[in-house]
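Residue-level listing of the chains:
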2 protein chains.
Amino acid sequence: MNELVHTYGGNPLDRGEPLRREEATIERLRTAASARCLVFHKLRVGVHADHNLSWLSPIETAAEQTGLTLFLGEHDGVPHFALEWLDEVAPPGIDEFADCRLLAAHLTTPETGILAQARAQLDWHRRNPFCAQCGAESHPERGGQIRRCDACEKHIFPRTDPVAIMLIVDEAGGEHCLLGKSQGRMARGNFYSCLAGFIDQGESLEAAVRREVWEEAGIRVGPVFYHSSQPWPFPSQLMIGCHGIATHKDINFDSAEMADVRWFHRDEAAAALRQENNSLNVPGQMAIAHHLIRTWVEGEIQL
Amino acid sequence: MNELVHTYGGNPLDRGEPLRREEATIERLRTAASARCLVFHKLRVGVHADHNLSWLSPIETAAEQTGLTLFLGEHDGVPHFALEWLDEVAPPGIDEFADCRLLAAHLTTPETGILAQARAQLDWHRRNPFCAQCGAESHPERGGQIRRCDACEKHIFPRTDPVAIMLIVDEAGGEHCLLGKSQGRMARGNFYSCLAGFIDQGESLEAAVRREVWEEAGIRVGPVFYHSSQPWPFPSQLMIGCHGIATHKDINFDSAEMADVRWFHRDEAAAALRQENNSLNVPGQMAIAHHLIRTWVEGEIQL
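Since the model is a prediction, treat every value here as computed from it, not as a measurement.

Scoring rules and cut-offs
Residues numbered from 1 in each chain as written. Chains lettered and ligands numbered in written order. Predicted model: local features only at pLDDT ≥ 70, side-chain atom pairs only at ≥ 80, totals over all residues. Heavy atoms only, no water. Helix = DSSP H or I, 4+ residues; strand = E, 2+ residues; numbered from the N terminus. Buried < 20%, exposed > 50% of the residue type's maximum accessible area, 1.4 Å probe, protein only. Contact = heavy atoms within 4.5 Å. Areas by Shrake-Rupley, 256 points an atom, 1.4 Å probe, with all protein chains shown as cover. Lys, Arg positive; Asp, Glu negative; His and termini not counted. Charge placed at Lys NZ, Arg CZ, Asp CG, Glu CD. Arc of directions from axis to C-beta. Axes fitted to C-alpha atoms, helices over the stretch in contact; angles between N-to-C directions. Parallel < 35°, antiparallel > 145°, perpendicular 65-115°, else oblique. Left-handed = near helix turned anticlockwise from the far one by under 90°. Nonpolar A, V, L, I, M, F, W, Y, C, P; charged D, E, K, R; others polar. Disulfide = S-S within 2.5 Å.

Draft legend 1. Focus on the overall build of chain A. Helix and strand counts for chain A come out as seven helices and 14 strands. In terms of its C-alpha atoms, chain A occupies a principal-axis envelope of roughly 60 × 45 × 35 Å. Within chain A, the fraction of its 303 residues that count as buried is 56%. Taking the contacts inside chain A whose residues are at least 6 apart along the sequence as the reference set, 65% of them involve residues at least 24 apart. Summing over all exposed atoms, chain A offers an accessible surface of approximately 12900 Å²; the carbon and sulfur share of this is 48%. Side-chain charges in chain A split into 28 positive and 42 negative, and the spacing between the mean points of these groups amounts to 2 Å.

Following this line, the structure appears as structure tokens:
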């Protein structure tokens with residue numbers, strides 16, 4: 001099977017681990033003539049009017065309105081940065097600040113990868129200004145790769161939450177797959193997706209798949225097969241995609257969490273992927289769920 | 001391929017998501033006649049003189065010396081708890097507090113799974129008493145499944161860090177694998193293991209495998225294959241095990257991080273797994289690294 005590189009997963013940057021060991025090196029890279037940066041305002045990214053990313057010079061963009069500056073890494077010798085812009089009025093060279101989720105469809109996969117790293121890292125710094133160990137303030141180090149507590153000096157590493165996301169089929173070689181819709185704003189309408197949930201402490205990927213499907217659908221799962229993974233920067237998950245085979249068909253879903261869980265026939269799922277099914281909408285190509293469904297529908301994977 | 005259930009990965013408990021919604025339900029479970037708990041002191045677990053786990057009654061153990069009490073889940077209708085004991089002197093029914101890593105070899109896989117959940121959760125509570133968002137104190141909720149900030153009321157979820165760990169072989173069907181030893185206390189001697197590292201924000205599993213092998217060994221990796229996963233509660237990682245195929249053989253390792261990185265022949269690795277190789281020691285069966293090496297050595301997986 002060829003490896004699927006998902007949206008947000010194609011980051012071409014070398015994160016430059018050894019370069020981060022000296023603050024002077026990062027400053028040299030930031031002021032290099034070739035250096036370029038993405039500029040963010042409230043986690044929206046600066047773009048041109050045609051929705052292409054605006055790459056600016058970090059040194060020319062630096063101003064009173066600049067917040068955090070993060071070193072993302074290098075590609076072909078070009079240092080890449082992300083910079084936070086505090087003012088509502090964008091700096092010259094930026095026409096608007098765009099939503100990172102809506103924008104992804106307009107970008108190349110490598111661009112979505114850089115965007116994912118930048119957005120996840122900026123968000124993490126903004127949501128974690130304090131040390132959870134002692135409650136004191138912390139500050140960024142190593143070009144924003146980590147934070148460090150001002151009081152207890154603890155190194156604080158960025159957080160990435162592993163999530164299991166799975167397409168369950170009714171039996172080996174089966175013709176039906178299990179999709180659900182959550183309670184909440186998506187509960188109305190025909191939007192169904194793969195079941196998913198955070199992997200708990202002291203739990204393997206496979207155990208998490210089985211627990212989530214049991215909790216959300218009342219279905220027991222036998223064999224589990226890894227498929228592919230996708231970073232998801234809202235705020236910072238690692239989506240780990242699997243297929244699994246159910247041991248029975250009777251659903252008993254948890255109505256506190258789920259609005260509906262149902263078996264759909266392969267043909268219904270196929271029509272939904274082509275957006276030709278009025279009674280079923282599924283996630284688009286940006287989401288790993290789409291590809292878990294598609295590879296099963298198209299028989300690319302044999303379960 | 002049959003699924004490998006690793007040490008620390010065999011947790012049989014149903015974590016009882018719906019039971020956690022009412023504090024009164026958790027209290028009813030804690031005081032149930034069948035309820036049982038593991039008792040921890042400074043992250044060491046209470047055992048009998050024969051190194052079997054000591055299961056006590058949470059209600060009988062409750063005392064002034066009791067710290068946190070966590071609801072772990074249920075198995076066959078029996079509620080399981082973990083309880084923190086603050087005094088050096090163990091309560092009746094416990095002969096000693098044992099190291100959770102050394103002890104694992106004496107336990108069944110389901111027992112190691114419960115131990116992993118309990119230790120990881122207790123440690124997380126102890127290392128995260130404050131809210132990283134606002135710096136105020138936080139308190140446990142839902143039987144210890146989450147914490148909640150006293151000031152900003154944010155829900156704080158336990159943290160599990162995904163780690164990529166990989167056995168790289170020299171070519172498809174190749175006869176050599178890549179093992180390394182880190183700088184630090186393991187740098188002397190003949191102890192080598194798989195390369196490994198934390199998955200970064202905005203990075204897929206496969207990208208993390210390639211980045212870590214490039215950073216640590218200077219080797220480029222082509223195809224990557226998922227193998228299995230293992231929860232590792234020191235303090236709380238999800239080890240995601242992979243095999244990968246190198247695109248070349250010349251190593252250029254990072255001496256700041258690694259003391260040595262080397263290709264070993266399949267026969268050398270096989271002897272090391274049997275502990276019959278004086279010049280190479282590898283991790284034991286408790287570690288996923290052992291099984292990444294073993295399944296390749298034994299030809300269970302075809303790369």
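The structure having been displayed, the exposition proceeds.
Draft legend 2. Structural context of helix H1 (residues 23-30) of chain A. Residue and element names in this part refer to chain A. When H1 is considered as a whole, its buried residues turn out to be Thr25, Ile26, Leu29 and Arg30. Projected down its long axis, H1 shows its buried positions confined to an angular sector of 140 degrees, all on one face. Turned more than 90 degrees away from the buried face of H1 sit Glu23, Ala24 and Arg28, all of them exposed. Contact partners of the buried residues in H1: helix H2 (58-61), strand E3 (66-75) and strand E4 (78-85).

Draft legend 3. Focus on the packing of helix H6 (residues 266-273) of chain B against helix H7 (residues 288-297) of chain B. Residues and elements named next belong to chain B. Closest axis-to-axis distance for the H6/H7 pair is 10 Å, and the angle between their directions is 125 degrees. Viewed along their axes, H6 and H7 adopt a mutual orientation that is oblique. For the pair H6 and H7, the sense of crossing is left-handed. On H7, the residues touching Arg266, Ala269, Ala270 and Leu273 of H6 are His290, Ile293, Arg294, Trp296 and Val297. Residues of the contact of H6 with H7, tallied by class, amount to six nonpolar, one polar and two charged.

Draft legend 4. Focus on the state of the cysteines. Residues and elements named next belong to chain A. As enumerated under the stated definition, the model contains zero disulfides over all chains in all. With no disulfide of its own, cysteine 152 has cysteine 149 as its nearest cysteine by sulfur position, at a separation of 3.7 Å. Judged by its relative accessible area of 37%, cysteine 152 is partly exposed. Between cysteine 177, a cysteine without a disulfide, and cysteine 194, which holds the nearest cysteine sulfur, the sulfur-to-sulfur distance is 7.5 Å.

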